[in-house]
Structure formats: structure tokens, C-alpha cells
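Per-entry structural report
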Amino acid sequence: MTTNATGGGQPTGRTGGPTDDHAAPTGGSASDSGSAGGTGAAPGPGARPASPAGAGQPASTDATAGKAGATGSKVADGGTDAAEKKSTAENSADKSSAGEPSAAKEKDTPPDRWSAFAPAPEPVPGRVGRAVRAVGRLAVHEWTLAALGSLLLAVALTWPTLRYPLYTLPQDYWDPSLQAWQMAWSGHILRTDPGMLWQSNAFFPEKDSFAFSDTLLGYAPAGMIGTGPDAALLRYNIMFVLAHALATFGAYALARQLGSGRIGAAVAGASYTYAPWLLAQAGHLHIVSNGGIPLALAMLARGHGWSLRHGYRPERRHEGWTYTGWMVAAWQLSLGFGIGLPFAYVLAGIGLVATVTWFLRRWVVRPVKRPFGARLLVADLIGGLLFAGVGALLAIPYFRVAQAHPNAERTIGDIGVYSPPASGFFTAPAESRVWGALHEGARAALPWHPEMTLLPGFALYALAAGGLFFSIWRLRHRLLLLAGVLVTMVLAMGTRFFGGTLTYVPLFEYLPGWNGLRTPGRMMLWTTLLLGLLAAGAVSAFARRVREISAERVPARPSPWLRVAALLPLVLVVVEGLNTTPHPVVPEQPVAMRTVDGPLLVLPSSQNLDQPVMLWSTSRFQEIVNGGSGFTPVQLDEVRRVTLAFPDQTSVDYLRTLGVRHVVLLRDQVVGTPWEVTVDTPVDQLGITREEVGDAVVFRL
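Residues numbered from 1 in each chain as written. Predicted model: local features only at pLDDT ≥ 70, side-chain atom pairs only at ≥ 80, totals over all residues. Heavy atoms only, no water.

Moving on, we come to the overall build of the protein. Regarding its fold elements, the protein presents 27 helices and six strands. Here the protein holds 701 residues, and the buried ones make up 48% of them. Relative to all contacts within the protein whose residues are 6 or more apart in sequence, the contacts with residues 24 or more apart total 75%. Put simply, the protein shows about 34,300 Å² of open surface, and 63% of that area lies on carbon and sulfur atoms. (Helix = DSSP H or I, 4+ residues; strand = E, 2+ residues; numbered from the N terminus. Buried < 20%, exposed > 50% of the residue type's maximum accessible area, 1.4 Å probe, protein only. Contact = heavy atoms within 4.5 Å. Areas by Shrake-Rupley, 256 points an atom, 1.4 Å probe, with all protein chains shown as cover.)

Take a look at the structure:
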């Protein structure tokens, strides 16, 4: 019961329930509820406020108590809080009229002896403390840990790439030398003369020679750092490792955005990056550099507030992520059309589906005034135009090259040479540490095994198959992922799937730019990504079940065996990604390449021999006739044929008509060639001079 504040001691209202849980502490009366030192009993839910006893009697305490009784959850401390908000004079008058202690008496009251046992107040951190806490929170954030884990995994699974980064290259020193030169050239020319970007120093005197193959133009900022072959090798090896890290992080981000758990997303990231078939592509940085694809898709999905698990959530839309996603997609396209062109068509397909969905939601099915929001539509419009503009600008020189060099055009016959049979999906490359030796016989049956060993991993196959039946994804989403897997596998077979008449050939003939893709097996990149998402659904469902089982335990944490079982899929995927990729030492740059001016020709010349020559030219970027790319220009082929008899009058006159001033003949490479005999032939009657420079012979024309 609650006593009247007038001191009469008579009940002022009936309580509607028990008050035992709110009894006042011993040593004080209920009338002390208006003071700061006591806690009164709260009335029950049915209590009514008492009417005032007189004109000068305060009603605030009773009103507060009645309000507390109406809510059934507050104690009489509410009256204290209200009294503290009044002025000191009003508070004193109220206390005096109610018979409560005066302010002076309150000052004489000794402190509560039990306060010594109360927890100390948490100190307020200063500016430095707040900064340290912010850094600490960032360091343990999921995305920080994901990025760090991706980087550490990349260093480990590409080892020994960073062991001797100034001397070796992964896989071989042919295509990697070409791509190391590409990064060096783009960085050099954008820093010195951007207008001459496409007129590279190689393939002299051809035009638009930088567009003879995928350019890795998106790595140009890295190419601006350092000069010479050593810097080019170091740069290539660092970017090779970072490309693997970005691929893992991008696929992880995509799986998380779609609704996967952390372990499931880790499986998707590792399987996408370290699938056994990709080990055969270690010498193709433009194929390994695929992390922008899943990362851009993740950012675009985040910007649109969409996930595979939860669908469209308008409250999660964010235009900033949409802009960023389109910029990442444009950057990925700048690395090359080999995998960038299919990515562009995938984005176009997604955009078409989104447009149809918007139209249906706006006008047909349950009309919504603004299904996606005007700002989001503007972001997509600007981002899409940016992506299309980058693609168009990059395509212009390639169209000029195709017009000037008809022999560069692909044919259906070329596609057939690189089209893998169905057995390729179960055959691993020689670089696979787990399956390489075991699949040697299967590789021997393939016409061109470097592009036909397309095993994404048996562990990934098993996890994806399990994901069809046990998954966090809805059934229709699982069926859509399965359909995507089958479609991309059929496209990866090129003309091997019933001649490709209804599959690859229509794309080759009617889609702009598709006839420039030589190797259909690289469509396996999309197959691997979709299989990884199916596997992520299964692993996430299993991890959720582990948490449910753990919640029933005392204490509520998973047993060691459950922890091992949850991590086992990730371990299996990583183990299948172990490799035996060779890292050969790159031939040392001849001294003549640092001193002789261009235009020059280095002999012997061939596709593989010319690619290190391009790397050697990064010291001065003098014009060189040599070059290696996806096709051989007719003129370069003619130069190689005519100079087989060099030095003779015919070859000297021919080179002079091209504008060549010097010929560098490498003595350590002439064994078994015609120049082994003619290298020391007298040249006085030819009107040229010969000079020994290091291990090379320099002919000045």
C-alpha cells in the first residue's frame, strides 16, 4: 500500500496487485519515496491517484506514483526523477509541506556504505583512446579479416612466386614476359605520352600494336612504378599474387551478399580462385585476374538491396555501392576482353532482367510507383554508360587491328581446335599436386590439354551436388544455379557439343566481339563460380545445423569434432588447389639492349623468343621489330623468313626499307640455327659494321 504524502498515514488508494517485489528497503519509510535517498513501493496496475488533501499539499508525488502503477513496471523512483527536474525552491517547499527532510538534513546524511561495492564508472576515453578503439574495431572486422586471409592464402598457394620475384616467373617466361612488358609499357607511356598508348615500341613498324592481345591496362598505375626488366618482373609477381587474393575476396563478398554464411563464403572464394583447371592458366595473368567479376556483382547487388536468400529489400538500397560496382566492372573490362567480354554480356543480361522486372512491378503486377527508386535508376544509368563507354573506347583499336590484319580473325575451325570434350571436365592439369600425375593418361587423350583440362575440383562437385538437396538457398534458386552450371559447361565445350550449332556457333556469329574469343574452355570460370555458390549454400546450411546442435549443449558451444566437420569442406577445396607450378628463371637482359638504339631487330626471332625481348626493351623502350601476341602479323612473319640468311644483301636491303637501324644477334641462342655459321661472316661488302657487345653481336645498318 502507498501512504499519503501529507503524513496522515491513511491509505490513498487500493493496489491492484502484489507489491512484494517493490517493497521499500529497511531503514526507511514509504513516505521517503519523494527523496533521493529512498525507494518507495510502486502501486499495482489497478491503483488510482489520490485526490489532494488540501490546497497546499503537493500532488506531483501521488501523480507520479499513479502513473507508475498504470504501467505496472516503474517504481516510485520516477517521482524522484520528476522532482529533480524542478527548481530548488519548489523542491524545498514540496518537501517541507510533505514532512520530508530538509536540504540541510540531506547534506548531513552519511553516504551509503554499500556504494563501495558498486562497479566503478567507466572512464570516458580521450581522442587518442577513441582512435585506438576505432582501429581495433577495424582490425577485427569481418571484411578486414577476409582481406587479410585472402592475401595470406594467395601468398601460400602461389609460393614460391615471391621467393625470387626479381628472377623468376610462374609457369614459363613466354606469355608472362609479354604481360610484364604490357604493364611496363602502359605505365611508361601514360606517364610520358598518353596519346601514343596504342602505338607500342614492339612489332615495329606496325600500328596499334598494343591491341594485338589483351592489354592489362587496368594495371597501368602499377606500371608507373619502377623501370627496367627487374622492376617489370617484381611488378608482375606482386600483381600475380594480388590477383589471386582479389579473386578470393571478391567471390567471398559475393557469396556473403547473396546470403551465405562465413564458412560457406570462404568455400566459394577458395574454390573460385584455386580450382585445379586454373592452374593451367598460371601463365595468363589476364585470365587469373578475374576478381573484379564477383566483386562488382557483389557491390551491385548490395547497392540494389538484393540477395539470393532474402530477395529485394528496398531499405538496404545504397547508390554509392551501385556506382562503385559499375566502376569495378569497368576496371575488370580494362584488363582484357578475353574474360571481360562474357562478363559484359552477363551484365547486359542482368540489366535486361532488371528492366523487365521494373516494368512489371511498375505497371502490371501489383503496381508500385517507384519499385527501385529514382536515385538508384540514375546510378544504374550513369554507371552503365560509364561501363559501356570504357568498353567502346577499348574496342576501337581492336576493330582497327582486325581490319588491318585479316589473319587475326578467328574462324569456327580455330574454335574447334580448342574445344574440349566432356572428359575435360574431369581431367586435371599437370600442375595439380593432387591429381596431376594420376590424370596423365587422360591428358594424353586430349588434343590440346593446356586449354582442355577443366576440372573445377571433385570436392567442389560433391559439395555443389549436396547443395542441390541441402542448402540455405530456396529450391528455385538452386535450380537456377544448376541451369547456369549446365549452360556454361555447354558453352565451354565450344563446337564439341553437337557441333555447337545451337550453342556456341550462334554466339560466335551474331554477338559483337565474340568471334575474337579463341578458347571456349575459359567459360569454365562462370561454371566454377556457380558451383561455388551451390557449395556455399550447402556448407552454410551445415554450419547453421552445427549452431543449432551446439545451442542444446551445456555450455552452448560446438564440440571439437563439430568444428572440424564445419571446416572440412574448406580444407578439401584448398587441398585440391595445391600446385606444382614451375617458376623458371628469366633469361638475363643482354647488355646490348641497354645501349643500342632502335629501331632494332633481335635474332633469332620467334613467338616464344620474342616475348623475353619485349621484356628486355623496358629499360629504354626503343622500337623493336620483335613481338609476340595472339597472332603473328604478316610483315613480322616475312621478316623472320627473309632474315634467315642474315647477314646478306637481300636481308640488309629489306631491313633498311623497314627503317631498321640495328640487328642484335644473340650468340647463346644461335646453336642449331643458320646464324651459327653466318654470325662471323665478313660484312665489309654489305656496307654494314659489326661490333661485339657482351654476348651479342651488334650489326649497324
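And the narrative resumes.
On to the environment of Leu455. Structurally, Leu455 is set in the loop between α17 (440-444) and α18 (458-467). Taking C-alpha positions, Leu455 is 9.8 Å from Trp435, a pair spaced 20 residues apart along the chain. Apart from the residues lying within four places of it in its own chain, the contact partners of Leu455 are Ala275, Pro276, Trp277, Gly424, Phe425, Phe426, Thr427, Ala428, Trp435, His439 and Tyr461.

Another aspect to go through is the side chain of Thr248. Looking at where Thr248 falls in the secondary structure, it is placed in helix α9 (residues 228-258). Only 2.9 Å separates the side chain of Thr248 from the side chain of Thr273, close enough to count as a polar contact. When residues no more than four places from it in sequence are discounted, the contact partners of Thr248 are Ser150, Gly269, Ala270, Thr273 and Tyr274. (Polar contact = N/O pair within 3.5 Å; in protein donor to acceptor, adjacent residues only side chain to side chain.)

Another aspect to go through is a negative patch on the surface. Residues Asp230, Glu588, Asp668 and Asp695 make up a contiguous surface patch of negative charge. Tracing the sequence through the fold places Asp230 in helix α9. For Asp230, a relative accessible area of 49% puts it in the partly exposed group. (Patch = residues over 30% accessible without salt bridge, like charges linked within 9 Å, V, L, I, M, F, W, Y side chains within 5 Å. Salt bridge = Lys/Arg side-chain N within 4 Å of Asp/Glu carboxyl O. Lys, Arg positive; Asp, Glu negative; His and termini not counted. Charge placed at Lys NZ, Arg CZ, Asp CG, Glu CD.)

Right, let's get into the sheet that holds strand β6 (residues 696-700). One open sheet holds the four strands; their spatial order is β3-β4-β6-β5, and the pairing between them is mixed. The sheet is open, and its two borders are formed by β3 (600-603) and β5 (689-693), each paired with just one other strand. Neighbour-to-neighbour, the strand axes of this sheet turn through a mean angle of 20°, independent of strand direction. Strand direction decides the pairing type here: β5 and β6, joined by five bridges, are antiparallel. Pairing of Val693 across the sheet is with Ala696, part of β6. (Pairing = 2+ DSSP bridges. Axes fitted to C-alpha atoms, helices over the stretch in contact; angles between N-to-C directions.)

A cluster of nonpolar side chains, namely Leu151, Trp159, Leu162, Tyr164, Leu166, Tyr167, Leu234, Ile238, Leu242 and Val585, defines an oily patch on the protein surface of about 890 Å² accessible area. With respect to the helices, strands and loops of the structure, Leu242 is situated in helix α9. Relative accessible area serves as the criterion here: at 39%, Leu242 is assigned to the partly exposed category.

What follows covers the packing of helix α19 (residues 475-492) against helix α21 (residues 524-551). Here α19 crosses α21 at 160°, and the two axes come no closer than 8 Å. By the angle between their axes, α19 is roughly antiparallel relative to α21. Where α19 crosses over α21, the handedness of that crossing is left-handed. Facing Arg478, Leu481, Leu482, Gly484, Val485, Thr488, Met489 and Ala492 of α19, the residues of α21 in contact are Met524, Trp526, Thr527, Leu530, Leu531, Leu533 and Leu534. Residue composition of the contact of α19 with α21, by class: 11 nonpolar, three polar and one charged. (Parallel < 35°, antiparallel > 145°, perpendicular 65-115°, else oblique. Left-handed = near helix turned anticlockwise from the far one by under 90°. Nonpolar A, V, L, I, M, F, W, Y, C, P; charged D, E, K, R; others polar.)

Over its 12 residues, helix α10 (residues 262-273) extends 17 Å from the first C-alpha to the last, a length consistent with the 16 Å expected when each residue adds 1.5 Å. The buried fraction of α10 is high, at 10 of 12 residues. The complete set of buried residues in α10 reads Gly264, Ala265, Ala266, Val267, Ala268, Gly269, Ala270, Ser271, Tyr272 and Thr273. Buried residues along α10 sit against α9, α12 (292-303), α18, α21 and α22 (560-576). (Expected span 1.5 Å × (residues − 1).)

On to empty space enclosed by the protein, then. Applying the stated criterion across every chain, the model contains seven cavities of 30 Å³ or more. Taken together, 19 residues line the largest cavity, and the ones lying closest to its centre are Thr158, Phe240, His244, Leu279 and Ala282. Looking at the lining of the largest cavity, the elements that each hand over two or more residues are α9 and α10. Looking at which element gives the most residues to the lining of the largest cavity, the answer is α9, with three residues. (1 Å grid on protein atoms, 1.4 Å probe; cavity = no way out; pocket = protein on both sides within 12 Å on 5 of 7 lines; lining within 4 Å. Points joined across faces, edges and corners; volume = space filled by probe spheres on them.)

Mean pLDDT over the protein stands at 85; residues scoring 70 or higher make up 83%. Averaged over each element, pLDDT in the protein is lowest for helix α1 (residues 60-71) (39) and highest for α9 (98). Note on residues 1-103: pLDDT is under 50 here. Beyond four places in sequence and across chains, it has 86 contacts. (pLDDT = per-residue confidence, 0-100.)

The next point concerns helix α24 (residues 607-616). The element α24 is largely enclosed, with a buried count of seven among its 10 residues. Looking at α24, one finds that the buried residues are Asp610, Gln611, Pro612, Val613, Met614, Leu615 and Trp616. Tucked into the core, α24 has its buried residues touching α7 (175-192), α9, α23 (592-595), β3, α25 (634-642) and β4 (662-666).

We now examine the packing of helix α6 (residues 142-157) against α9. Between α6 and α9, the shortest axis-to-axis distance is 8 Å and the interhelical angle comes to 140°. Between α6 and α9, the interaxial angle falls into the category oblique. Classified by chirality, the crossing of α9 by α6 is right-handed. Residue-level inspection shows Glu142, Trp143, Ala146, Ala147, Ser150, Leu151, Ala154 and Val155 of α6 in contact with α9, the latter providing Val241, Leu242, His244, Ala245, Thr248, Phe249, Tyr252, Ala253 and Arg256. Partitioned by chemical class, the residues of the contact of α6 with α9 number 12 nonpolar, three polar and two charged.

Moving on, we come to the pairing of β4. Across the five residues that make up β4, a large majority, five, are buried. Of the pairings in the sheet, the one linking β3 to β4 comprises four bridges and is parallel in character. In the strand pairing of β4, Leu600 is matched with His662. Across five bridges, the pairing between β4 and β6 is antiparallel.

In this structure, Pro205 follows Phe204 across a cis peptide bond, with omega equal to 5°. For Pro205, the position within the fold is in the loop between α7 and α8 (220-223). The peptide bond linking Gly598 to Pro599 adopts the cis configuration, its omega dihedral lying at -5°. Phi at Phe203 is positive, roughly 60°, even though this residue is not glycine. With respect to the helices, strands and loops of the structure, Phe203 is situated in the loop between α7 and α8. Judged by its relative accessible area of 3%, Phe203 is buried. In the Ramachandran plot, Asp208 falls in the positive-phi region, its phi being about 55° despite a non-glycine side chain.

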